[in-house]
Amino acid sequence: VLHAMGMWRPLRDRWLGRQKETLALQAQASDRVGGLVAATKFVRMFLQSAILGIGAYLAIHSEATAGAMIAASIIMGRALAPVELVVAQWKTFLQARSAYERITELLTVLPAEAQRMRLPPPQGHLSVQGIVVVPPGGARPALQNITFAVEPGLTLGIIGPSAAGKSSLVRAVVGVWPLLHGAIRIDGAELSHWNSEQLGQHIGYLPQDVELFSGTVAENISRFQPSPSEETIIAAANMAGVNEMIQSLPAGYNTQIGDGGQSLSGGQRQRIALARALYGMPALVILDEPNASLDSDGEAALLTALQRLKAEKRTVLLITHKTNILSITDKILVLAQGQVQAFGNRDEIFAKLLAPRVATMAPNVAVNG
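This report concerns the structure included in the present document. Only a predicted model underlies this, so the values are computations on that prediction, with no experimental measurement involved. (Residues numbered from 1 in each chain as written. Predicted model: local features only at pLDDT ≥ 70, side-chain atom pairs only at ≥ 80, totals over all residues. Heavy atoms only, no water.)

**A few points about the overall build of the protein chain**
Tallying secondary structure elements over the protein chain gives 11 helices and 10 strands in all. Over its C-alpha atoms the protein chain spans a radius of gyration of 33 Å, topping by over 25% the 21 Å that the globule rule assigns to 369 residues. Counting only C-alpha atoms, the protein chain reaches 125 × 60 × 50 Å along its principal axes. Within the protein chain, the proportion of its 369 residues that are buried is 35%. Accessible surface computed for the protein chain: about 21800 Å², of which carbon and sulfur atoms make up 59%. Between the mean site of the 31 positive side-chain charges and the mean site of the 28 negative ones, the protein chain shows a separation of 6 Å. (Helix = DSSP H or I, 4+ residues; strand = E, 2+ residues; numbered from the N terminus. Rg over C-alpha atoms; globule rule 2.2 N^0.38 Å. Buried < 20%, exposed > 50% of the residue type's maximum accessible area, 1.4 Å probe, protein only. Areas by Shrake-Rupley, 256 points an atom, 1.4 Å probe, with all protein chains shown as cover. Lys, Arg positive; Asp, Glu negative; His and termini not counted. Charge placed at Lys NZ, Arg CZ, Asp CG, Glu CD.)

Given below as structure tokens:
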């Protein structure tokens, strides 16, 4: 992007400017530390010299011994050494304090998960009850008073304009973003009651921004399980319609894809991520713009996978801007500005959405007729 649109020079100049500012501040801090270290050394040497001078004066007048003079000088040097050491290591202390503050802030935002009892495998019943979600580090809610429920085996289409809160909703459902208010229940148990590692095995999540990890194709599909089932990996790939594409890679399922899947195209990454979401036939599958980078063959494979999930009675949450794939959904949730605008059966919602358009087109049809 930088090279194609000629952005590298102004960004380089901005980076150089900030680097020079940082180096100037570091040099200023080093100068101050050097000055303080020199001052403490001067004070120490001055005091030791003064003690030696006073001790010599007292020794000459037989008011103190030479040993007392030497002892006083040594004690003064040992007493001032820690002060000099603290000044010399003050920069390290500030760095340690800053690191401690960052770790404390991170642990506050992402607290350690408590030990939870394992619950029975979920069947896919999802209930969202009046949730309010604020993005981590944000101040304004991305979602307000969202309420709906999906029975096991149904497919819910989530639609709405950009920045309506669709991706925020699924991030809350999978537990990535915490709730400010309300509850999300899977099979009647609140999301916070589930052991996240256990629940994750029964959830398939395809985010809008696909992230693959350094390793083989098989490892990415199997979610890096220690001893994955080869049959399950191939079944997930077949279900996502990506088996033939994987076999065309240099080493098939053993192909190293590099950091972020850099050796693959955008469509290939998305289809492998879809296979990863379908691995193990999870009870709840959440797909955020799954056809954003797919060609016609990829969309056909996606539609086949959705039909298979429906036949297996799996619950699916589908976010998309393409209305052609909504034909497979059972219910529709319409979001706008972080709030529910409509929720119900697919045909009913489509009828409500199309009614205003039909009403505006009718006069034109009458005039043209």
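**Observations regarding the side chain of Asn243**
Its place among the elements puts Asn243 in helix α8 (residues 243-247). Look at Asn243 and you get buried, because its relative accessible area is 18%. Among the polar contacts made by the side chain of Asn243, one reaches the side chain of Tyr253 at a distance of 2.5 Å. When sequence neighbours within four positions are dropped, the list of residues in contact with Asn243 reads Ala237, Asn238 and Tyr253. (Polar contact = N/O pair within 3.5 Å; in protein donor to acceptor, adjacent residues only side chain to side chain. Contact = heavy atoms within 4.5 Å.)

**Section: the sheet that holds strand β7 (residues 284-288)**
Spatially, six strands are ordered β6-β7-β8-β3-β9-β10 in an open sheet, and the strand pairing comes out mixed. In this open sheet, the two strands that pair with only one neighbour each are β6 (203-206) and β10 (339-345). Across this sheet, the average inter-strand angle for adjacent strands is 15°, counted without regard to direction. Pairing geometry for strand β3 (residues 155-159) and strand β8 (residues 315-319), over four bridges, is parallel. (Pairing = 2+ DSSP bridges. Axes fitted to C-alpha atoms, helices over the stretch in contact; angles between N-to-C directions.)

**What about unusual backbone geometry?**
Non-glycine residue Arg223 carries a positive phi angle of around 60°. Take Arg223: it is sitting in the loop between α6 (217-221) and α7 (230-239). Residue class for Arg223 comes out partly exposed when judged on its relative accessible area of 23%. Its identity is not glycine, yet Lys313 carries a phi of approximately 60°, on the positive side.

**Focus on the side chain of Ser222**
If you trace the backbone, Ser222 turns up in the loop between α6 and α7. Dropping the residues within four chain positions of it, Ser222 is found in contact with Pro228, Ile233 and Tyr279.

**Here we look at helix α2 (residues 66-88)**
Along its 23 residues, α2 runs 33 Å from first to last C-alpha, staying within 8% of the 33 Å computed at 1.5 Å per residue. Roughly 25° is the biggest bend found in α2, and it falls at Leu80, with proline Pro82 one to four residues downstream. Among all positions in α2, only Met69, Ser73, Gly77, Leu80, Glu84 and Val87 are buried. Looking at the buried positions of α2, the neighbouring elements they touch are α1 (8-60) and α3 (90-109). (Expected span 1.5 Å × (residues − 1). Bend = angle between axes of the 7 residues up to and from the residue.)

**Notes on the pairing of β3**
With five of five residues buried, β3 is to be regarded as a mostly interior element. Relative to strand β9 (residues 331-336), β3 runs parallel, the two sharing four bridges. Bridge pairing in β9 places Ile158 opposite Leu333.

**Looking at the nonpolar core**
One finds Ile221 and Leu306 to be the most contacted residues of the largest nonpolar core, which totals 37 residues. Taken together, the elements giving at least two residues each to this core come down to α6, α7, α8, α9 (266-278), β7, α10 (296-311) and β8. For this core, the leading source of residues is α9, giving six residues. When neighbours within four sequence positions are excluded, Ile221 is seen to be in contact with Ile233, Ala236, Ala237, Ile246, Tyr253, Ile272, Ala275, Arg276 and Tyr279. Leu169, Val173, Ile184 and Ile319 belong to the second largest nonpolar core, which has 29 residues in total. (Core = buried A, V, L, I, M, F, W, Y, C linked by side-chain atoms within 4.5 Å.)

**Some details on the pattern of salt bridges**
Note that side chains of opposite charge can pair when their charged atoms are close. Tallied over the entire structure, the rule returns five salt bridges. A salt bridge links Glu190 to Arg185; the shortest N-O distance between them is 3.5 Å. Since its relative accessible area comes to 25%, Arg185 is described here as partly exposed. Between Arg308 and Glu312 there is a salt bridge, with the nearest N and O atoms lying 3.4 Å from each other. With a relative accessible area of 40%, Arg308 lands in the partly exposed category. Given the relative accessible area of 34%, Glu312 is considered partly exposed. (Salt bridge = Lys/Arg side-chain N within 4 Å of Asp/Glu carboxyl O.)

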